[in-house]
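# Observations on chain architecture
Residue strings, one per chain:
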Amino acid sequence: MDESALHIVMVGHVDHGKSTVIGRLLYSTGALPAGTIDKVKRIAKETGKPFEYAYLLDAFEEEQKQGITIDTTRLQFKTDKRDYIIIDAPGHQEFLKNMISGASNAEAAFLIVDAARGVEEQTKRHAYILKLLGIRQIYVLINKMDLVDYQEAQFNKVQQHVQDFLQTLGLTAVSYLPLSAYYGENLLENSPKMPWYTGKSFIETLDSAKAHKTSEQRPLRLPIQDVFKFDDQRIIAGRIEAGTLNVGDDITIYPSGRQTKVTGFAQWPQDEHLQSHQAGESVGLLLEDEFFNQRGEIITKTAENSQPVVDTVIQTNLFWMGEQPLVPGKTYKLKIATQQVTARVLKILKVTDAGDLKARQNNDQVRLNDVAEVVFQTEQPLVYDFFNDQHVTGRFVLVDGYDVTGGGTITERYQGERELEGAVFNDGQQQYQLSLFDNYYLNGDHIETEATEGQYALTDELPLTGTSYHYPTRFNIILPRQNRVISVDHGRFIKVVSLEEQLTPDVPLINSIGAKVKLDPQRPLKAFLAEQETLNDKTKTAFYQKWLDFSAYHQVMIKEI
Amino acid sequence: MDRIDELEAESIYILREAYKNLGKLGLLWSIGKDSTVLLWLTKKAFYGQTPFPFIHVDTSFEMPEVIQYRDSLAKELNLDLIVYTNQQALDDGMNPKLGRLACCGALKTVALNQVVHKYAFDGLIVGVRQDEEGSRSKERIFSERTAQDKWDYTNQPPELWDEFKTDFPKGNHIRVHPLLHWTELDIWEYIQRENVPIIDLYFAKNGQRYRSLGCAPCSGTVPSNASTVQEIIDELKETTISERAGRAQDQEDAYAMQKLRQSGYM
């Protein structure tokens, strides 16, 4: 028996029988607790509806009364071969976000198609979503064969149809199987009603599905989740998303590229003294060098060939679940593993109506339930991989307002033109995007920002005075995430050095928006950086107030009151 | 990694996400097996620390063993323990005889909502599991409650790839469910493996044991001879009786738990 459970998801158009397949499977294999069937029969009687196996999953009153699945159900099931986690996804377009939530972690998917009605809108949409979620192991269940008198000809016709549209998506089903879930035909064993079908029964098909190849074999990726300093020990907390990590390994931390060594793993209880950890484990690292680390940085093994990309532009394939359309120029929160950056839509390359798989004529917006190819520009450098190489660091979600409204994968590097925003400092090796020359205006009850664009090479003179700012002629700009300090002297851009070389600054220090870092001998830069390591939502405002002075070089101008 | 290793790693990840991303955080500790496993996982996630308060909603109808166990463990582990009772409802005469849903509503749901607002919690870690009952099988790991403590269960936001909901209006709070994917059997196998200290009401005495702990008047025992963790594991592998069969409030109405949970029950 395999040790870990296989995650599978049931998808397909509404009413094609996803919940019925699972309900019947649980019933037929005796997997239900005593009384469950009786309870569901009682509910059916009370509501005056015929008994449905689907009620075993559709637990909400609204679901049972309307005969639909609203939200995903996750349940566990076991065969003689192994354990399963089965996810029942809703089929209504309205609840696509729930389908995506349920399917996102599946290793295999069963696409259920009604034998009489054939391929419908959500059949196509769900298949497209499976593709974007990176699920390649797809089985097609042609259900309700009882409605077509168990005829082979109808099965073949539907199969051909499904095969054709999957092909347009670049997908191939592992197998096609005729089923009548309600009557249990071909469920646990081959049905005498369909002697023409000689393939595997549903449960045999299930048992033949393969678990994901574990990501231990891939190069190390460990996104930093938090930095703990409960006592003298400094612990870098995170989950190993790929690869393995041992005490003594040399590591590189992105985006800065700093290198150090793992000296140990934190342990509790104390008697566990593991020297090695692998993908999937939540760990705490002790490092040789006391760098200032932050959530969102990605740790790799220095010796491994495959290292992530660091860039401020990414090209993505995404699905959109927002009520408000995604539009060019708008900014969203983009999250990859524990990284979170602000991302602006640079360009929409292609929009597809996932319901009919046709490209839309206009690329001016991505609407609810569409899929699209979109290029984003991020404010801070982003560390990522291509999805085919690394799953966790090759996929992302977008947050608009309070909710996740989109997600997708990164499959190629953007080759088109870039538009860098704000003040771009270029030292010949790297570009740094800053917004220290922006102007601020009070307009009624809010403050407006007016970005100032500019490109600056080494020795270039800088616009140190603007409408609402005035900088001295000599200062440093700190970029902790990149581990860099930019030096300005005599009003010119002089050099970029690593943070370690500038830990005791003798000139005023500002951050990327131009706020002065409040330092004095009692409050050295090291203390600022150390406090920043453990910053979170509840402490950040106090931290900013303690350390940053925006008014030192800025004045908000009144536009309208 | 085996199944239990995977569950443990996921729960630790969730606890750390909650600690990093939510503002004021508390852990709802019912003293039962699930929330005591949560206590253990918290110590694992934060290397022996318990960096947020533990909350016990005391209905005043608790079993005496529960209170005794709570106080001794809290003292031993030096927990920041908040004990909260909806005293107003008790003063007004609330008790199980007035109806179980009404009683759970006042002494648990309302009390919980009161403690959330009293301490202005942004996040509440709760030990519910998907396999317990229907409405929990539909839960998210980070599940938002409104300022009125309502769960908008027919319109839950997407949750994928462990990118949890950490953005929400002030006044709302997030219920964090680190044990959502665990089963009852997983809990016991973990207790066995880690030697987690657990209250002994779960172990059989005179042919009966508690399988799920609630208030004294509303928690029934099940017939069992399982008096060790291993015997409980063996028993669970064979049983077809549901875990909450001894919990009276579930039997009141076909949608009892959905209704309770919609208005803020754990």
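About the cut-offs
- Residues numbered from 1 in each chain as written.
- Chains lettered and ligands numbered in written order.
- Predicted model: local features only at pLDDT ≥ 70, side-chain atom pairs only at ≥ 80, totals over all residues.
- Heavy atoms only, no water.
- Helix = DSSP H or I, 4+ residues; strand = E, 2+ residues; numbered from the N terminus.
- Buried < 20%, exposed > 50% of the residue type's maximum accessible area, 1.4 Å probe, protein only.
- Contact = heavy atoms within 4.5 Å.
- Areas by Shrake-Rupley, 256 points an atom, 1.4 Å probe, with all protein chains shown as cover.
- Salt bridge = Lys/Arg side-chain N within 4 Å of Asp/Glu carboxyl O.
- Pairing = 2+ DSSP bridges.
- Axes fitted to C-alpha atoms, helices over the stretch in contact; angles between N-to-C directions.
- Domains from an automatic or database assignment.
- Buried area = accessible area lost by both parts, 1.4 Å probe.
- Disulfide = S-S within 2.5 Å.
- UniProt positions renumbered as here; feature names shortened; annotations may be inferred.
- Parallel < 35°, antiparallel > 145°, perpendicular 65-115°, else oblique.
- Nonpolar A, V, L, I, M, F, W, Y, C, P; charged D, E, K, R; others polar.
- Lys, Arg positive; Asp, Glu negative; His and termini not counted.
- Core = buried A, V, L, I, M, F, W, Y, C linked by side-chain atoms within 4.5 Å.
- Polar contact = N/O pair within 3.5 Å; in protein donor to acceptor, adjacent residues only side chain to side chain.

Right, let's talk about the overall build of chain A for a bit. Of regular secondary structure, chain A possesses 9 helices and 33 strands. Within chain A, buried positions represent 55% of all 561 residues. Sequence-distant contacts in chain A: of pairs separated by 6 or more residues, those separated by 24 or more amount to 69%. With the model as given, the accessible surface of chain A reaches about 23,800 Å², and the carbon-plus-sulfur share is 46%.

Right, let's get into the pattern of salt bridges. All names here are of chain B. Scanning the model with the defined rule gives 41 salt bridges over all chains in all. For E8, the salt bridge goes to R193, with nearest N and O atoms at 3.7 Å. With E8 in helix α1 (residues 3–21) and R193 in helix α6 (residues 184–194), the pair connects residues that are 185 residues apart, well separated along the chain. Overall, R193 belongs to the partly exposed group, its relative accessible area being 37%. For R193, the salt bridge identified is with E194, shortest N-O distance 3.2 Å. Connected via shared salt-bridge partners are D5, E8, K44, R193 and E194.

Residue and element names in this part refer to chain A. If you trace the 6 strands from one edge of the open sheet to the other, you get β2-β3-β1-β4-β5-β6, paired in mixed fashion. Strands with a single pairing partner mark the edges of an open sheet, and in this sheet they are β2 (73–78) and β6 (175–178). Geometrically, the sheet is characterised by an average inter-axis angle of 25° between neighbouring strands, direction not taken into account. Relative to strand β3 (residues 83–88), β2 runs antiparallel, the two being bridged by 6 bridges. If you follow L75 over to β3, its bridge partner there is I86. On top of the sheet, helix α1 (residues 18–28) reaches β1 (6–12), β2, β3, β4 (108–114) and β5 (138–143); it is set at about 150° to β3, its chief contact. In this fold helix α5 (residues 121–133) packs onto β1, β4 and β5, with an angle of close to 150° to the strand it touches most, β1.

So, on to the domain arrangement of chain B. All names here are of chain B. Segmentation of chain B into domains returns domain 1 (3–183 + 253–262) and domain 2 (184–251). Its C-alpha centre places domain 1 at a distance of 20 Å from the equivalent point of domain 2. Facing the 39 residues of domain 1 at the interface are 32 residues of domain 2. Where domain 1 abuts domain 2, roughly 3,000 Å² becomes buried across the two surfaces, and 63% of that area is made up of carbon and sulfur atoms.

On to the pairing of strand β16 (residues 331–336) of chain A, then. Residues and elements named next belong to chain A. Pairing geometry for β16 and strand β17 (residues 339–353), over 6 bridges, is antiparallel. Paired with L334 across the strands is V341, a residue of β17. The turn joining β16 and β17, which pair antiparallel and follow one another in sequence, is formed by 2 residues; a positive phi near 50° is taken by A337. In the sheet, β16 pairs with strand β20 (residues 395–400) via 3 bridges, with the strands oriented antiparallel. When the sheet's bridge partners are listed, K335 is paired in β20 with V397.

Residues and elements named next belong to chain B. In this structure the tally under the stated criterion is 0 disulfides over all chains. C215 takes part in no disulfide bond, and the closest cysteine sulfur, belonging to C218, lies 6.4 Å away. Residue class for C215 comes out buried when judged on its relative accessible area of 13%. Among the cysteines around C218, which has no disulfide bond, C103 carries the closest sulfur, lying 6.3 Å off. On the accessibility criterion, C218 (14% relative accessible area) is buried.

As a further point, take the domain arrangement of chain A. Residues and elements named next belong to chain A. Assigned domains within chain A: domain 1 (6–208), domain 2 (215–301), domain 3 (309–412) and domain 4 (438–560). The distance between the C-alpha centroids of domain 1 and domain 3 comes to 30 Å. Contact between domain 1 and domain 3 buries roughly 1,300 Å² in total, counting both sides, with carbon and sulfur atoms accounting for 68%. Taken together, domain 1 and domain 3 are joined by 0 salt bridges.

Turning next to α1(A). All names here are of chain A. Most of α1 is tucked away: 9 of the 11 residues are buried. Of the residues making up α1, those classed as buried are K18, S19, T20, V21, I22, G23, R24, L25 and L26. If you follow the buried residues of α1, they end up packed against β1, β2, β3, β4, β5 and α7 (202–208). In the stretch just after α1, G30 is the one whose phi turns positive, near 65°.

Let us now look at the UniProt feature "domain: Phosphoadenosine phosphosulphate reductase" (unreviewed entry) in chain B. Taking the UniProt record as the reference, the feature "domain: Phosphoadenosine phosphosulphate reductase" (unreviewed entry) is found at residues 27–220 of chain B. In this annotation, residues 27–220 of chain B is assigned 32% helix and 12% strand; the end-to-end C-alpha distance for the span is 26 Å.

Right, let's talk about the packing of helix α8 (residues 525–533) of chain A against helix α9 (residues 540–547) of chain A for a bit. Residue and element names in this part refer to chain A. Between α8 and α9, whose axes approach to 11 Å, the crossing angle comes to 170°. By the angle between their axes, α8 is roughly antiparallel relative to α9. Here α8 contributes A527, F528, E531 and Q532 to the contact with α9, which in turn contributes F543, K546 and W547. Across the contact of α8 with α9, the residue classes tally to 4 nonpolar, 1 polar and 2 charged.

Residue and element names in this part refer to chain A. Strand β27 (residues 475–479) sits mainly inside the fold: 5 of its 5 residues count as buried. The alternating pattern of β27 places F475, I477 and L479 and N476 and I478 on opposite faces, both of which are buried. The pairing of β27 with strand β28 (residues 484–489) spans 5 bridges and is antiparallel. Within β28, the position partnered with L479 by the bridge is R484. Linking β27 to β28, which pair antiparallel, is a turn of 4 residues; within it N483 sits at a positive phi near 60°. As paired strands, β27 and strand β30 (residues 509–510) are joined by 2 bridges and run parallel to one another. Opposite N476, over in β30, you have L509 as the bridge partner.

Moving on, we come to the side chain of A:K18. Residue and element names in this part refer to chain A. Topologically, K18 is positioned in helix α1. Among buried Asp, Glu, Lys and Arg side chains, K18 stands out as unpaired, with D88 the closest opposite charge at 6.3 Å. With near-sequence residues (within four places) excluded, K18 lies in contact with M10, V11, G12, H13, D88, A89, P90, G91 and I112.

Turning to the nonpolar core, a few remarks are in order. Judged by nonpolar contacts, the single largest core of 80 residues is most densely connected at B:W29, B:F142 and B:W188. Here this core takes 8 residues from α1(B), the largest share from any one element. Setting aside residues up to four positions removed in sequence, B:W29 forms contacts with B:S35, B:T36, B:L39, B:F54, B:I55, B:H56, B:R70, B:L73, B:A74, B:L79 and B:L81. Core analysis: the next-biggest nonpolar cluster, separate from the first, contains 74 residues, A:M10, A:L26, A:L133 and B:L160 among them.

Contact with chain B, which involves 56 residues of that partner, is made by 77 residues of chain A. Between chain B and chain A, the buried area comes to about 5,800 Å², and carbon and sulfur atoms account for 53% of it. When the buried area of chain B at its contact with chain A is split by residue, B:K20, B:Y47 and B:W161 rank highest and sum to 17% of it. Remark: the boundary between chain B and chain A carries 5 salt bridges. The salt bridge involving A:R239 is made with B:D162; its shortest N-O contact spans 2.6 Å. At the junction of chain B with chain A, the criterion picks out 19 residue pairs in polar contact (both at pLDDT 80 or more).

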